[in-house]
Amino acid sequence: MDYAELVCRSNFSFLRGASHPEELVATAARLGLRALALTDTDGLYGVVKAHLAAKEHGVKLLLGAELTLEDGPPVVVYAADTRGYSSLCALVSRSRMTHPKGESGLPWRALAERSEGLLALLPEPAPLERVAPLAEAFPGRFHVGVCRTLSAGDAAREGQAEGLARGLGVPLVAHNDVHTHHRRRQPLQDVLTAVRHGVTVERAGTLLWPNGERTLKSPGEMARLFEDRPEVLARTAELASRCQASLDDLRYRFPEEDLPEGVTADAYLRALTYEGLQGRYPAGVPPEVVKQIEHELRLIAALDFAGYFLALWDIVGFARRRGILCQGRGSAANSAVCYALGITAIDPVRMGLLFERFLSMARKEPPDIDVDFEHERREEVLQYVYEKHGRHRAGMVCEVICFRGRLALREAGKALGLSLDQVDRLSKVAAAHGFEVTPEVLLEAGLSAFDRRVQRTLSVAAELEGCPRHLSIHVGGFVMTREPLTELVPVENAAMPGRTVIQWEKDDINAVGLLKVDLLSLGMLTALSKCFALIREHHGRALSLATIPAEDPKVYDMLCEADTVGVFQIESRAQMNMLPRLRPRTFYDLVVEIALIRPGPIVGKMVHPFLRRRNGLERVEYPSEAVKEILGKTLGVPLFQEQAMKLAMVAAGFSAEEADGLRRVLSHKRAESMLLQYRGRFVEGCLSRGYARAQAEEWFDNFRGFAHYGFPESHSASFALIAYASSWLKCHYPAAFTTALLNSQPMGFYAPHTLVADVQRHGVEVRPVDVQRSRWDCTLEDGGKAVRLGLRLVKGLGASAGRRVEAARGEGYQGVGDLARRARIPRHELTRLALAGTLGSLCGSRRKALWELQALGPLDADDLFFGMSMDGTEVALPPMDVLERVSADYDTVGLSLEKHPLELLRPALRNQGAVTAEGLKKVPSGRTVSVGGMMICRQRPPTARGMCFISLEDETGIANLVVPPDVYERCRKEIHGALFIVGQGVLERSGTVTNVKAKVVQKLSSEAVP
């Protein structure tokens, strides 16, 4: 007998279904079901995944959803055709968009008005008077469902359903209210139910189902279950046969409302491109550029992507008109059209970048264009897109937040009755060892390996791993459409005000051919914009990313000294270690520098061969001129994905399609395993073209590194532009650069105290926060030579209060009461200002400021005596000593201009034989040495084979501590629990790069710590 399952929830009915869409489809195919309907609650979240799985397994997928009605029972609707699919999306969108995130509901009339092209099924019986009006809206297309779950109440529900179907004159149709793909998934279903209701499984009672019968069943099993009513099973196949809608029929078109009358999108794109070329090449467009432009325009036209490029051009144009710094990056920088339109700043023809890395006729996938905007102003750009295209034609891509690691363990453990303490201990050991935790590890954590709840928690958490938890927003993906987006994919409200998201994530929209633009944020662009403004104000010089002088030797001298605190992309300890070894002298050296310190080149063993060749320690040889043309820029080492693609075509004879397939595998999250299928083809291809086997295998091993994240050359070049710009500003305008960084926090690698200490070492005077002189932002004084710290650095002081202090100051405040009255600052925020020492110019010491503050009258907003002094008693208060003042500085502002904490601790460190960071330069390599400092950075990257890298800051600079795995395990408590530490080990030096390889790491004595 044919049977189609018509009611099926996946785990995209968040916390209701327990199986992935792919599991449900694969099981339906194995069981021999004719068709399967995915009917998640008020959403099509998992439908693309089910669609792809259905095509793979040869199962017919019905597109549907269960809709929540505000004035009626829930009803399942199915799309019979493309018109019905559009109505389904529109109905789900309305249901979600008229309610806050996570809620939904439709009036039945809204469903009735959009019923054409839809079939309906009432899954559970309801009173006739509530259903009859809805059934009338679906003439010949309404059904009543009957479900046998082998539990109490089945017979009563079936009788009600039969009576309702008879009363309405509609068919009675079987379904199984599926929530799992297999009965063994029922324990997870119970846990999800408990999590949804905030109870334990033990106390859930009737919230849980009595059995696991709500699972996918074979036609034979359903036939036995409905042996007395075969007609209700037959009708499932009949209903399924009426549903012909498929995601393969989606037709997506990009908006084109800005086209001049009578001009096609392709013609307009061509005109704008050649107009842009005149600005890029004022002396004349080189022939090779014209050739590349024509090649790209033909391909864009063939793929019908012109509207996509025009939309990006429009968005970037808006940002530039508003003075918002932006720059395209990623594979888009491989495109000469993007360069001509001003979307990217890299000339791909001059750099020899591979356009097929960006767009390919063989791939026919949407192009990937990422544009970074100032992180503080990106919202202006997003709202421009919403306003221009409307919420019904523009929405952000969603990101599905899944249960992972500790979250999965915590939720499973709480649901299964573990105490919070047990859950915490279990999640910690499981985070370190995975879900396969040995009894010995459990015992060390104080847990019994024989506790059934612990074992069940580990088992259920492993199944819960990867299950959808809720919807969030993609970092910047935007979908825009010519027709209503709400009829192409459901749209709903996000938690963030002013944001709406579609119900599909990035991989989903790629699979069905929807185009997205990635409008991302970058903190360094905010800092650069603010730095340009400061330089214009205080130095009278107008600068931009385009006008910063190129190839400045002083900048490269600075980089060779690894003087890069605060510089974009090259400020990490690994980059600082690499810079003196690579010694960049040109822009392309910077491109390579940025690409080298990535997991890909490190795992692919590309770093050391490149450095040896760069420094003349190893001869550079190329097996052919063709290979030299590809790898010459990187001294024979394939550092970039584009080089891997070119090498596959030239050395191994890959077609463009095969090379692109290799590129896609290199970018996949399972790249390491998926790449193996190409090994034989690549090596044999190289052998057939006369290359040595050892050489071919070396190249392929290099490729394996890209599986661990490596940059495309275009991406690295785009980042190198910003890295050079930030380096130039740090070199020539250190005060303005640091001020801009402080005003752009949080961002970057280092905290404000490190940025301030660095600029002080460069001879810049930094002045303290002062209510008489400081603005909310940090500012420049004395013609741009000194930095005045801003009120924004005071912890616990809100932006509105800080800006009131600035706005109400006038010619200055006469005292604490005057400040309170004029700026209307509440007592708790005045206390933070006093503790931070910002009132010193008003009343001297911090303690006196606090005393005067306590003498003030009420500080309630509407009090008549607000801020008036109620007690003029003078008291001689003991002054704070330097240790107290420095401690208060770090507690309230996060830094101290009086002394570095390590200055105060230096006597104790000297007694231990510890040298300063500056002193390490005088210690011979190989000597055992101790160094102490304040930990400002701790990293333990996966590619470092267990090594831990620690940066220690003292009053003279930053020292590098390298901790081997055995020392790390032995000293883990100190490394993770202490702010001030001392490391003892062997000093290692390579050129000017100095590290201490630790043998022991200790916490600095608590008696000496402020």
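Right above here is the structure, for reference.
For clarity, every value in this text was computed on a predicted model and none was experimentally measured.

Draft legend 1. Structural detail: the sheet that holds strand E4 (residues 75-79). Strand order in the open sheet formed by seven strands is E1-E2-E3-E4-E5-E6-E7, and the pairing between neighbours is mixed. The sheet terminates laterally at strand E1 (4-5) and strand E7 (172-174), the two strands that pair on one side only. Examined bridge by bridge, E1 and strand E2 (residues 35-38) share two bridges and lie parallel to one another. Pairing of Ala 4 across the sheet is with Ala 35, part of E2.

Draft legend 2. Region of interest: unusual backbone geometry. Omega for the peptide link from Gln 745 to Pro 746 comes to 0°, which places this bond in the cis form. Tracing the backbone through its elements, the reader meets Pro 746 in the loop between helix H35 (734-742) and helix H36 (752-761). With a phi close to 60°, Asp 304 is a non-glycine residue in the positive phi region. Residue position: Asp 304 is located in the loop between helix H12 (287-303) and helix H13 (306-321). With a phi angle near 50°, Arg 583 is a residue other than glycine that sits in the positive phi range.

Draft legend 3. A look at the side chain of Arg 378. Counting through the fold element by element, Arg 378 comes out in helix H16 (residues 378-389). Here Val 475 takes part through its backbone oxygen, which lies 2.5 Å from a polar atom of the side chain of Arg 378. In contact with Arg 378, not counting residues within four places along its chain, are Phe 373, Val 475, Gly 476, Arg 499, Leu 519, Leu 520 and Ser 521.

Draft legend 4. Expanded view of the pairing of strand E23 (residues 993-1003). Bridge analysis of strand E21 (residues 958-963) against E23 gives two bridges, and the strand direction is parallel. Each residue of the ladder has a partner; that of Leu 961, found in E23, is Val 996. Here strand E22 (residues 980-990) folds back onto E23 in antiparallel fashion, the turn holding two residues, of which Gly 991 has a positive phi close to 65°.

Draft legend 5. How the structure looks around H13. The terminal C-alpha atoms of H13, which comprises 16 residues, lie 22 Å apart, in line with the 22 Å expected from a rise of 1.5 Å per residue. Of all 16 residues making up H13, twelve are buried, and the element is well covered by its neighbours. Among the residues of H13, those classed as buried are Ala 306, Gly 307, Tyr 308, Phe 309, Leu 310, Ala 311, Leu 312, Asp 314, Ile 315, Val 316, Phe 318 and Ala 319. Immediately beyond the C-terminal end of H13, within one or two residues, lies Gly 323, with a positive phi of roughly 75°.

The rules we used
- Residues numbered from 1 in each chain as written.
- Predicted model: local features only at pLDDT ≥ 70, side-chain atom pairs only at ≥ 80, totals over all residues.
- Heavy atoms only, no water.
- Pairing = 2+ DSSP bridges.
- Helix = DSSP H or I, 4+ residues; strand = E, 2+ residues; numbered from the N terminus.
- Polar contact = N/O pair within 3.5 Å; in protein donor to acceptor, adjacent residues only side chain to side chain.
- Contact = heavy atoms within 4.5 Å.
- Expected span 1.5 Å × (residues − 1).
- Buried < 20%, exposed > 50% of the residue type's maximum accessible area, 1.4 Å probe, protein only.

Note that every value here comes from positions in space, so none of it alone points to a role or purpose.
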